[in-house]
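Architecture at a glance
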Amino acid sequence: MDKWTCIVCGYVYDEAVGDPDSGIAPGTKFEDLPEDWVCPVCGVSKDQFEKA
């Protein structure tokens, strides 16, 4: 499982944890996130993340 970091605010999306507050189950790969998913901290889109 990979981790992805928001380059704007530093939030880390951990595939092993998911994003439960947004309904994203643990184990959800970053590339499988919905296209309209945004950083839960600052609201930027997926293209503002880089693999940690």
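Notes on the structure follow.

How each quantity is defined
- Residues numbered from 1 in each chain as written.
- Predicted model: local features only at pLDDT ≥ 70, side-chain atom pairs only at ≥ 80, totals over all residues.
- Heavy atoms only, no water.
- Salt bridge = Lys/Arg side-chain N within 4 Å of Asp/Glu carboxyl O.
- Helix = DSSP H or I, 4+ residues; strand = E, 2+ residues; numbered from the N terminus.
- Buried < 20%, exposed > 50% of the residue type's maximum accessible area, 1.4 Å probe, protein only.

With respect to the pattern of salt bridges
Pairs may arise between side chains of opposite charge once their charged atoms sit close together. For the structure shown, the criterion picks out four salt bridges. The salt bridge partner of K51 is D2, with a shortest N-O separation of 3.3 Å. In this pair, K51 sits in strand 3 (residues 49–51) while D2 sits in the segment before strand 1 (3–6), placing the two residues 49 residues apart along the sequence. According to the relative accessible area criterion, D2 is partly exposed, its value standing at 28%. With a shortest N-O distance of 3.5 Å, K29 and E15 are connected by a salt bridge. Of this pair, K29 sits in the loop between strand 2 (12–14) and strand 3 while E15 sits in the loop between strand 2 and strand 3, and the two are 14 residues apart along the sequence. Classification of E15 by relative accessible area gives buried; the value is 0%.

Keep in mind that these numbers describe shape and distance, not what the molecule does.
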